[in-house]
Amino acid sequence: DGTARAESLIGVLSASGLDAAITSGFTRTVDTAAPAAAHFGAESLVVGVSDGMSSHLEQTAAAVRAFGADATVLVVGHSNTIPALIGALGGPELPDLDESEYDLLYFMDLNGDEPVMRKIY
């Protein structure tokens, strides 16, 4: 099922393309981003968690911003990191995700004065 979900990201991103994929170092996140990154020839970046959650969030948010306003960046994270990253990027405060929910996508547009976020199931 995870492989099929990872492959489906290619279709989800088809209109915008993909410039970069950012993951934690865990196999599941890397494997989720890999098909779309390969399809679009996107840069892949691993932001480890060995320095703790705060450092991981700061580094991931900085990496998203570093790709620039016109870049499409896929971030594959975890039930407790995605809501925190949304907050770190200026989005709303969200509770941790249910660990059994694998098909949830958030889209954030960071180009305006305030981030615009959409939640897609």
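Position numbers for residues start from 1 in each chain and track the written sequence from start to end. Restriction of local features to residues with pLDDT of at least 70 applies here, the model being predicted, together with a cutoff of 80 or more for giving and counting side-chain atom pairs; totals for whole chains, interfaces and linings are based on all residues. Water and hydrogen atoms play no part in the side-chain values, which are based on all heavy atoms of the structure.

Peer 1: Before we go on, may I ask you to explain the packing of aromatic side chains in this structure?
Peer 2: Between two aromatic rings, the relevant description is the distance of the centres plus the angle of the planes. Between the rings of Phe, Tyr and Trp (Trp by its six-membered ring), a pair exists once the centres lie within 6.5 Å; its type follows the angle of the planes, with under 30 degrees stacked, over 60 edge-to-face, and the other angles tilted. A full pass over the atoms with the stated rule returns zero aromatic pairs. By definition here, charges over rings are those cases where NZ of Lys or CZ of Arg is within 6 Å of the ring centre and within 35 degrees of the ring normal. A cation over an aromatic ring shows up here: Arg-118 above the ring of Phe-107, its NZ or CZ 5.3 Å from the ring centre.

Peer 1: Can you walk me through helix H1 (residues 2–12) in this structure?
Peer 2: Because the α-helix completes a turn every 3.6 residues, residues three or four places apart line up on one side. For every residue, the accessible area obtained with a 1.4 Å probe (protein chains only) is divided by the maximum for its type, and the residue is called buried under 20%, exposed over 50%, and partly exposed between those limits. Only DSSP runs of H or I reaching four residues or more are called helices, and only runs of E reaching two or more are called strands; each is numbered from the N terminus. Inspection of H1 places Ala-6, Leu-9 and Ile-10 among the buried residues, and these make up the whole buried set. Projected onto a plane normal to the axis of H1, the buried residues spread over an arc of 105° and lie on a single side. Whether two residues touch is decided by their heavy atoms; if any such pair falls within 4.5 Å, the residues are in contact. Its buried side turned inward, H1 meets helix H2 (27–40), strand S3 (73–76) and strand S4 (105–109). Arc definition: it is the arc formed by the directions from the helix axis to the C-beta atoms.

Peer 1: Just to check I follow, could you spell out the side chain of Thr-81 for this structure?
Peer 2: Mapped onto the elements of the fold, Thr-81 is located in the loop between S3 and helix H4 (82–88). Identification of polar contacts relies on pairs of N or O atoms within 3.5 Å, with a donor-acceptor requirement for protein atoms, meaning one able to donate a hydrogen and the other able to accept it, and with residues adjacent in sequence counted only if both atoms are side-chain atoms. A polar contact of 2.7 Å, which involves the side chain of Thr-81, links it to the backbone nitrogen of His-78. Those residues in contact with Thr-81, other than ones at most four positions away along the chain, are Met-53, His-56 and Leu-57.

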